[in-house]
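# Architecture and fold: a report
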Amino acid sequence: MIWSERTGREKILLLVAAGLCILFVLWQFAVRPVLNYHDNAAAQFSLAERDLQIVRSKLPLVMPQGTPSGPAFNRVVLITAAKKRGIALSRVQPEGDSGLDVWFDTVSVQQFYALMTDIVIKNGAVITRVHLGSADPQTINAQVRFDVAH
């Protein structure tokens, strides 16, 4: 009904406007992302390389050798070490028979790395996965998976 009430000139203008909208949507969301994919991928790769170099520069050159000096790593050791450092654990969840997932929310970067260093060196913790996020330069949110030996 709406279409039949239009004059020929209005119909042509509406078709041209619809065609331009379709072309814009195709360009914006289909063609342009494909054309820019290589450049975006190269930029993301260079940022990832930069982040890797930052992490590598902060790693110790030689990992401490020898046996852990404290009790074997487990959930209790983790909670005790976190309390000692003043870190509140958001969630500690067993993952199957041999894993432990731990969430940290808004913890100081220095405190987090000090805790990780302590439990790896003193308690022999094995970290299998880490996911870090940051809302500001001083604090991070982290999810860490540890292997727990039986």
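Read on for a plain summary of the structure. Owing to the predicted nature of the structure, the values given are computational and were not obtained by experimental measurement.

### Re helix α2 (residues 75-85)
Three or more residues of α2 are buried, namely V77, L78, A81 and A82. Along the axis of α2, the buried positions cluster into a sector of 130 degrees, meaning they face one direction only. Along α2, exposed side chains directed more than 90 degrees from the buried face belong to V76, K83 and K84. On the buried face of α2, the contacting elements are β1 (89-95), β2 (99-108), α3 (109-123) and β4 (139-147). At the N-terminal end of α2, a side-chain oxygen is found 3.1 Å from the backbone nitrogen of V76, two or three residues along, and the residue is N74.

### Considerations on the nonpolar core
F73, F104, I119 and F146 are the most contacted members of the largest nonpolar core, which has 21 residues in total. Apart from residues lying up to four places away in sequence, F104 is in contact with I87, L89, S90, F112, L115, M116, I140, N141, A142 and V144.

### A word on helix α1 (residues 8-58)
Compared with an ideal rise of 1.5 Å per residue, which puts 51 residues at 75 Å, α1 spans 71 Å between its outermost C-alpha atoms and is within 8% of the ideal. At Y37, α1 is bent by approximately 50 degrees, the largest bend along its length.

### A few points about the environment of G19
Within the secondary structure layout, G19 lies in helix α1. Judged by its relative accessible area of 28%, G19 is partly exposed.

About the cut-offs
Residues numbered from 1 in each chain as written. Predicted model: local features only at pLDDT ≥ 70, side-chain atom pairs only at ≥ 80, totals over all residues. Heavy atoms only, no water. Buried < 20%, exposed > 50% of the residue type's maximum accessible area, 1.4 Å probe, protein only. Helix = DSSP H or I, 4+ residues; strand = E, 2+ residues; numbered from the N terminus. Arc of directions from axis to C-beta. Contact = heavy atoms within 4.5 Å. Polar contact = N/O pair within 3.5 Å; in protein donor to acceptor, adjacent residues only side chain to side chain. Core = buried A, V, L, I, M, F, W, Y, C linked by side-chain atoms within 4.5 Å. Expected span 1.5 Å × (residues − 1). Bend = angle between axes of the 7 residues up to and from the residue.

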